[in-house]
Every structure is written in structure tokens, then in C-alpha cells.
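Secondary and tertiary structure notes
Residues per chain are reported as follows:
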Amino acid sequence: MKGGGNHGDARPACGATRHSAVGGSRPARGAVCALSPVPLGAPRPCPLPRPFFLSARSEGIPTAPLVAVGGEERPRWGSGGKAGLPEPMLSFLSRRCHCNDFQLGPAWILWGFGYSARLLKTNHYRPAASNTSSPAVWMLLAQRSGRIPALFAVVQKRRIFTMPETVQDDTNPGLYSPHPEVRGMTLLNREAFKRTLVVPVLKVKKEIVHTLLKSLKQTVLQRPGLKRVVEDPEDEDSKLVILDPHKVPEFSLGESEKEVLKQLHISPEVSKYNLELTYKNFKSEEILRAVLPEGQDVTSGFSRVGHIAHVNLRDHQLPYRHLIGQVIVDKNPGITCVVNKTNIIDSTYRNFQMEVLAGESNLVTKVKENNFTYELDFAKVYWNPRLSTEHGRIVELLKPGDVLFDVFAGIGPFAIPAAKKKCVVFANDLNPESYNWLLHNCKLNKVDNKIKAFNMDGRDFLLGPVREELRKELTLVKEQKAAFHIVMNLPALAIEFLDVFRHLLVGEPCSTAVLPTVHCYGFSKHENPTKDIQERAEAALGASLEGRCSTYLVRNVAPNKEMLCITFQIPVDVLYKRPCPAGEKPAPKRLRTCKDSTEEDIQS
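Notes on the structure follow. Computed from a predicted structure; not experimentally measured.

**Considering the side chain of Asn441**
On the secondary structure map, Asn441 appears in helix H10 (residues 432-444). According to the relative accessible area criterion, Asn441 is buried, its value standing at 0%.

So this is what it looks like as C-alpha cells:
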């Protein structure tokens, strides 16, 4: 079977460097919410969501976890206050939650919310049972405009309650959402995203603006791309400081903010200001969520290869593909081209067809990986940025003077770093384009004199240059301590090539310590992928690898599909075809006689 020249699977998957197609590589905030009981006697994290925790800590309020003392849960900061909370914390919660009745069950752990819940009021929460003492913090979180799923199980003192679907506050819907008229847009019209937002502002003298920003840094507007301070059209000596609408409900400041203003001799009067938002002020996620039909996934993410963003759009996203591509270009500096894969990787050379969605059509790009530079034509060769960690892991196993045979080398992500490490490198690829870019990148990284490159089928490479080099080097093993590594990074097919090692050499090995080590990659959809890839490798080799191999999970390629690397030293009985022992001769072949021919003719 012909061996392709590239490796891996271009399908985006978790577990490696990945950009959100809606802008940046940050994870979605508030994506997971959870509650769980804590065993008695175990240290208790602070029963507050992270924004409250950090904000309280910034104000110097103790936020130590709760512990169980004598069968009763108490905070480490001591006793006092309601529900085991000290007065400073109660005061803090009162300001932040606009509620004075706190019944915080310390048997709850809350994490992963990432919300700022200043605007959320307790009267929007309906408990499922009248005897449920729900924490005010949870009431706040539950009202977050539908961002939290409808039902949660809440465990407290062995009683189970169900949180009903929250009631949405329609007083301020879509504060930072584009105009509803953009829904269904397929060709990007940036002018349609303009809208005016009424925001709270404080009038402040120019000379104390900086002091105020530091004192109210949790309250002033923190949205990227928007100015926090603007000119006062009525007073040249003053500025208008824009406050976060989420944190200043109904244009009214809290007591702590008023106290800060009093100390700075600033009027606590909050005015209204018309803030104009344009396309550039909205985040990618907000734009795409406003455009795509409600309830559909925004995007599937993208991989970045130099100036190229590679996406795998789903069927329902295809009508909006050009708009999605243009938004990615607009919102991600350095991205000048967006492509979408239009078929699976099924060609001999392991590349795939793609459609340019936005930007320039130039697919020749430059990438950096592990301090090495590679240039490539993304349309003609395979490159996966999610394999950079694996490339580095294998190179770390090599020592100066070792010999590396890279059977499916691609453009050189294993071969070039190994050559820089003063290893002897033999690199091969079937794809002529990959071979040419391999030679180019060797020169680019100044290792062109240290790598022997080949453009041939992987099986022919193993039976030819690899066998000849092993035959030559293993006879000199007593004079050197070099190790031999064979990398076979073609996950879809590499295991099928392992049968080549059966009796690849003839004779007796000088030492089992220098038998070649194979690093073979493969995909598995089996429920036990480690067992699966080992059994397939054993079947190809015709020998057991039990206790003689290790398996490494490289990454999750897709749901129920893993990419693994199995590493083993080729068993001596597999690699060598031993000659007959001395003194023993094979039985001579009996000469065929006329009588034998006559008997065969009669039988036939």
C-alpha cells in the first residue's frame, strides 16, 4: 500500500492549541456551572462565585474557606455575622447583591461562572419549594438572562430540590448586542451594526480623572475598544467617566461608590450619555450570534497556520460562510485568509480541497514551531499546528549522535529539530510538494547538509535506505553507542507498514540494546484505544509486545476517535532472519526424474 507524505487529521479537536473562530483563544466564560456537596471535615472553598471572591479580596475582605469544626461548619476567619459569615463579608454582599437577607448554605461549592452579577436582583428567582433556603448568590446567578440551563439539582443536607427555569429580566435585553435587523445577514454590511446605547456617566474634573479610575476600577466601563473617558460637551474643564451599565443598575451608585466619590469631592449624580456602538465595537461572538439563526452554534473554531485561518464549518453554517470568514479576518489581527475544508483527507498525499471564504487567496505561508521556522503551501502539503507538542516530545527523546529515520516526514517538523540536535537524519516523503518544501525548510533552518532526504513510498524507504543503513551501522555497534529511532507519523496507515520489519535483516544482532525503536502513530475508535492499537501492531509484526511497548495519547481528534503513538523496540525475532546453525545444512532438494513426471501425468 502506498504511504502518504503527511500525518494527522485536519479536523479541529480539543486538547491542543486552538483558536475560537469568534475571536481569540480564550475559553467561553460561564460555560459550565456546577453544585456539589462537600464531605464533612473537608476544607470548604468560599461559597461565592469567582467574581465576588476576587472583588471581595481586592477590597481587603477575608475570603477564607469554610471548615467543619465539631460537626458544625464554620469559616476559618472566625465566627460572627449571619450564616457563619463575618460582618465585612455581609456588608460586601449587601452592596453587591442589593439584598440583606443571606442564607448561604456552606455545603455548596460554586465554580466556573465567570459572571459579574451586579445587575441581577433576587426578586427574579422562584424557588421550587417553599422551604428552600436558597443562597442569595445563587439567586443572582440564576437570573443571568438565560445563560444558565433550565434545571439544576441542588444538594443541601441530603434534601434535593430542583431549580426551575429562570425568569429573564427584559428591562435591559441585549445590552451589547447588535441591532436585531442583522439576523439572517449573509453578506457582511458593517453599517447595519450601528446602534446607540444609553450609559451612566460621572462628571469629573480633569485633574482627578486618573484617581477616580483607580478608585472605581471595578465600576467604570471595562469593555475593550470603548473609551472610558470622553469629553464633556458642556464643560471644557471636566471629563465624563463612563460607568459599566451592568454594575450601575437604574443609574444608581452603591454606598461604597458614593463613599469614594465623597472622599474625592465628586458629585454622586449619575447622568445619561448616548454611546454610539459600531461594528468595530462588537466582539466576533456577538456579531455571529446576532447574525446566525437563534439556537444554532456560532462556529466550530479554527486552526491558525501563519496568516491562514482554517475552519471546518457545519452544514447549517455554510450559507453564512463568507460572512463568518470576513468577521474572522476583521477581528483577528494577522489573519488575512480564511479557508474551509470541503472534503475529507482521502488523497494519496494526505491533503484536502478547500474553499477560500475571505481575504487573499495566497496559501503559501510561514509558521513557527518550537523555535523553528517552516514555509509551506497549505493547499498542497499537510500541516497541523496541534501536533507541535508531539513533535517536541519525540525530539526530546533523541540524543546527539542518534540516528532518526522519518518515514513520513512531511515538511520536516521531526527531521529538522533532530538535525539541529546533531542527530543523523534520513527523511522521506511520497508527496513531491512535501519533499520540495522539506528541502526548502532544511536550507531555511541551515541543516541542509545534515539531512538525507528521499521522495519515495514509505514501504520502499524502509526496504531500501533504512535496511541498508541498519545493516551497515549495526555491525559497528561495539564501536558506538548511537540509538536508532524510526518515526512513522501517518496515523491512518502507518500500522499497516509494520509488517516490513519482519526479517528485515539477516544474521545475529550484536546487542539487543541497539535494536531500533519505533514510534508508530494510529487512530482508534475503540472503547479501549490503548489495547486496540497494541493488538493491531502485534498483528502486523506477528509477535507479542506485551510488556515491551508504551502507548501515548497524542490528542482527541473527534468524538470517540483518538490519535495515539505506540513506542516499542523491534523484537529480535521479528527484525532478524537467523541463518541455519553451523554444521547443519538444509535438506538438499531431490532432483526431479522422468518417473515423477510420468506419475504426475497419470494423476492429472
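**Focus on the nonpolar core**
Grouped together as the largest cluster of nonpolar side chains are 41 residues, with contacts concentrated most on Phe378, Val425, Ile451 and Tyr521. Beyond its immediate chain neighbours, meaning those up to four positions away, Ile451 contacts Ala415, Ile416, Ala419, Val425, Ala427 and Cys442.

**Here's the deal with the side chain of Asp244**
Of note, Asp244 is situated in the loop between strand E7 (238-242) and helix H5 (255-263). No salt bridge is formed by the buried Asp244. Its closest oppositely charged neighbour is Lys247, at 4.4 Å. Within the structure, Asp244 has its side chain in polar contact with the backbone nitrogen of His246 (distance 2.9 Å). Discounting residues that sit within four places of it in the chain, Asp244 has contacts with Tyr176, Thr219, Val220 and Leu221.

**Comments concerning the environment of Ile242**
Note on placement: Ile242 falls in strand E7. With 42 residues separating them in the primary sequence, Ile242 and Pro200 have C-alpha atoms 6.1 Å apart.

**Section: the pattern of salt bridges**
Summed over the entire model, instances satisfying the criterion amount to 15 salt bridges. For Glu231, the salt bridge is made with Lys239, and the minimal N-O distance between the two is 2.4 Å. Looking at Lys239, the relative accessible area reads 18%, which means it is buried. Across the pair Arg393 and Glu390 runs a salt bridge whose closest N-O atoms are separated by 2.7 Å. With Arg393 and Glu390 both in helix H8 (residues 388-397) and three residues apart, this pair spans about one turn of that helix. Classification of Glu390 by relative accessible area gives buried; the value is 3%. Members of the salt-bridge network, linked through shared partners, are Lys203, Lys205, Asp232 and Asp235.

Conventions adopted
- Residues numbered from 1 in each chain as written.
- Predicted model: local features only at pLDDT ≥ 70, side-chain atom pairs only at ≥ 80, totals over all residues.
- Heavy atoms only, no water.
- Helix = DSSP H or I, 4+ residues; strand = E, 2+ residues; numbered from the N terminus.
- Buried < 20%, exposed > 50% of the residue type's maximum accessible area, 1.4 Å probe, protein only.
- Core = buried A, V, L, I, M, F, W, Y, C linked by side-chain atoms within 4.5 Å.
- Contact = heavy atoms within 4.5 Å.
- Lys, Arg positive; Asp, Glu negative; His and termini not counted.
- Salt bridge = Lys/Arg side-chain N within 4 Å of Asp/Glu carboxyl O.
- Polar contact = N/O pair within 3.5 Å; in protein donor to acceptor, adjacent residues only side chain to side chain.

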